[in-house]
Amino acid sequence: MSELVLDCVDAEELARFWCAVLEYRVLDRDTDGSIEIGPAAGFGGPQPTIIFSPTEQPKREKLRLHWDVSPTDVDQEVELARLLALGARRVDVGQGPDVSWHVLADPEGNEFCLLRAQVPV
């Protein structure tokens, strides 16, 4: 996979949020308002880029695809606090109380999971 495209109402806000979460940077801005973010190495590496494509249609239901985010240099609770401070919020999608991950949503309500296991960098 080289890139993921996500329709959104506010491309600037989501680009800012996900750049902070993933330690990505803005790679390109299109005249239609789309913003592409990705790793410092840019497009074409092992990590996919993300394109936020503006639409006037708000998100209406749970996404059928979501991201799993793993902490890299801190434990899960420290990373959870960081994500919440960036603007993520907790959501309940029926995960129950005994799971090892946290279900969160970005500023537009797109669900993602914060996993427990740290991934080495």
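Residues numbered from 1 in each chain as written. Predicted model: local features only at pLDDT ≥ 70, side-chain atom pairs only at ≥ 80, totals over all residues. Heavy atoms only, no water.

1. A closer look at the packing of aromatic side chains
So, step 1. One pass over the full model with this rule turns up 4 aromatic pairs.
So, step 2. With centroids separated by 5.2 Å and ring planes inclined at 90°, the aromatic side chains of phenylalanine 17 and tryptophan 18 adopt a geometry described as edge-to-face.
So, step 3. Of the residues examined, phenylalanine 17 reaches a relative accessible area of 4% and is grouped as buried.
So, step 4. The interplanar angle of 70° and the centroid separation of 4.9 Å between the aromatic rings of tryptophan 18 and phenylalanine 112 together place this pair among those described as edge-to-face. Of this pair, tryptophan 18 sits in helix H1 (residues 11-22) while phenylalanine 112 sits in strand E8 (residues 111-114), and the two are 94 residues apart along the sequence.
So, step 5. A connected cluster of aromatic rings, assembled from ring pairs, spans Phe17, Trp18, Trp67 and Phe112. (Phe/Tyr/Trp six-rings, centres within 6.5 Å; stacked < 30°, edge-to-face > 60°. Buried < 20%, exposed > 50% of the residue type's maximum accessible area, 1.4 Å probe, protein only. Helix = DSSP H or I, 4+ residues; strand = E, 2+ residues; numbered from the N terminus.)

2. Things to note about the UniProt feature "domain: Glyoxalase-like" (unreviewed entry) in the protein
So, step 1. As annotated by UniProt and renumbered to match this structure, "domain: Glyoxalase-like" (unreviewed entry) occupies residues 4-115.
So, step 2. End C-alpha to end C-alpha, residues 4-115 measures 20 Å, and it is 21% helix and 29% strand. (UniProt positions renumbered as here; feature names shortened; annotations may be inferred.)

3. Focus: the nonpolar core
So, step 1. With 23 residues, the main nonpolar core has Trp18, Ile37, Phe52, Trp67, Leu83, Leu104 and Phe112 as its most contacted residues.
So, step 2. Of all the secondary-structure elements, those providing two or more residues to this core are strand E1 (3-8), H1, strand E3 (35-38), strand E4 (49-54), strand E5 (67-69), helix H2 (76-86) and E8.
So, step 3. It is H1 that contributes the most residues to this core, 7 residues altogether.
So, step 4. Beyond its immediate chain neighbours, meaning those up to four positions away, phenylalanine 112 contacts Phe17, Trp18, His66, Trp67, Val69, Leu83, Ala88, His102, Val103, Leu104, Ala105 and Asp106. (Core = buried A, V, L, I, M, F, W, Y, C linked by side-chain atoms within 4.5 Å. Contact = heavy atoms within 4.5 Å.)

4. Notes on the packing of H1 against H2
So, step 1. Between H1 and H2, whose axes approach to 10 Å, the crossing angle comes to 165°. Regarding the angle of H1 to H2, the classification is roughly antiparallel. The element H1 and its partner H2 pack so that their crossing is right-handed. Packed against H1, whose contacting residues are Phe17, Ala20 and Val21, the element H2 presents Arg82, Leu83 and Leu86 at the interface. (Axes fitted to C-alpha atoms, helices over the stretch in contact; angles between N-to-C directions. Parallel < 35°, antiparallel > 145°, perpendicular 65-115°, else oblique. Left-handed = near helix turned anticlockwise from the far one by under 90°.)

5. What to know about H1
So, step 1. Over its 12 residues, H1 runs 16 Å from end to end, which matches the ideal 16 Å to within 8%, given 1.5 Å per residue.
So, step 2. N-capping of H1 is provided by aspartate 10, with a side-chain oxygen placed 3.2 Å from the backbone N of glutamate 12.
So, step 3. Positive backbone phi, at 60°, marks glutamate 23, one or two positions downstream of H1. (Expected span 1.5 Å × (residues − 1). Polar contact = N/O pair within 3.5 Å; in protein donor to acceptor, adjacent residues only side chain to side chain.)

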